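Secondary and tertiary structure notes
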Amino acid sequence: MFEKLSREERMLLLRFVCAFAWTDLEIRDGERKFVQRLMDRMQLSSDDRAEVEGYLHVAPSPEETNPKLVPPEHRRIFLDSVRALIYADGEVDAEERQRFEKLQTALS
């Protein structure tokens, strides 16, 4: 699935995933592990991994996670990945659900 994405698209996807992990203002163990598994599956370079690890310490800026940046042909991958992240910590709160619905609408 991720082999279809360019390096830039993979990094964009990871920024989105990390941004959603910050919805409740903390990164939980399940979310951190999920991001690490994604990085492993994407076979990121050490520099790219370090950049993504930074997003787990400081959330990406809203400009870096603008839905307009998502290529139309990859919208399903982005939605599926963000949805999986939301469920990774075993808790889906109302704000996460609401943000996800807004993302779905923006990518429709």
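Residues numbered from 1 in each chain as written. Predicted model: local features only at pLDDT ≥ 70, side-chain atom pairs only at ≥ 80, totals over all residues. Heavy atoms only, no water.

What about the side chain of Asp24?
As a reminder, the rule being used: Helical segments are the DSSP runs of H or I of at least four residues, strand segments are the runs of E of at least two, and each set is numbered from the N terminus. Here a polar contact is taken to be a pair of N or O atoms separated by no more than 3.5 Å, where protein atoms must pair a possible hydrogen donor with a possible acceptor and residues adjacent in sequence count only if both atoms sit in side chains. For this analysis, residues touch if any pair of their heavy atoms sits within 4.5 Å.
Positionally, Asp24 belongs in the loop between helix H1 (7-21) and helix H2 (29-42). Polar side-chain contacts of Asp24 include one of 3.0 Å to the side chain of Arg28. Not counting the four nearest positions on each side in its chain, Asp24 is found in contact with Asp89 and Asp93.

Section: unusual backbone geometry
Leaving glycine out, the prevailing phi sign among residues is negative, and the prevailing peptide bond configuration is trans. Note the cut-off: Think of it in three bands: with a 1.4 Å probe and only protein chains considered, a residue is buried below 20% of the maximum accessible area for its type, exposed above 50%, and partly exposed in between.
Notably, Leu25 is not glycine yet its phi reads approximately 70°, a positive angle. With respect to the element layout, Leu25 can be found in the loop between H1 and H2. Its relative accessible area of 70% is what places Leu25 among the exposed residues. Notably, Gln43 is not glycine yet its phi reads approximately 50°, a positive angle. Relative to the helices and strands, Gln43 resides in the loop between H2 and helix H3 (46-55). A residue is classified by how much of its surface remains accessible, and Gln43, at 70% relative accessible area, is exposed.

Section: the pattern of salt bridges
Threshold: Put simply, a salt bridge is a Lys or Arg side-chain nitrogen that is within 4 Å of an Asp or Glu carboxyl oxygen.
Using the criterion set out here, one finds seven salt bridges in the structure. Close ionic contact of Arg28 with Asp24 constitutes a salt bridge, the shortest N to O distance being 3.0 Å. On the basis of relative accessibility, which here comes to 24%, the residue Arg28 falls in the partly exposed class. With a shortest N-O distance of 3.1 Å, Arg83 and Asp80 are connected by a salt bridge.

Examining the side chain of Thr23
Its place among the elements puts Thr23 in the loop between H1 and H2. In this structure the side chain of Thr23 is engaged in a polar contact, spanning 2.8 Å, whose partner is the backbone oxygen of Phe20. Filtering out sequence-adjacent residues up to four positions away, Thr23 remains in contact with Glu95, Glu96 and Arg99.

Observations concerning H2
Under the convention used in this document: To estimate how far a helix should extend, the number of its residues minus one is multiplied by 1.5 Å.
Taking 1.5 Å of rise per residue, the 14 residues of H2 would be expected to cover 20 Å, and the 20 Å separating its terminal C-alpha atoms lies within 8% of that figure. Where H2 is buried, its residues touch H1, H3, helix H4 (75-88) and helix H5 (94-107). Count one or two residues on from H2 and you reach Gln43, which has phi positive near 50°.

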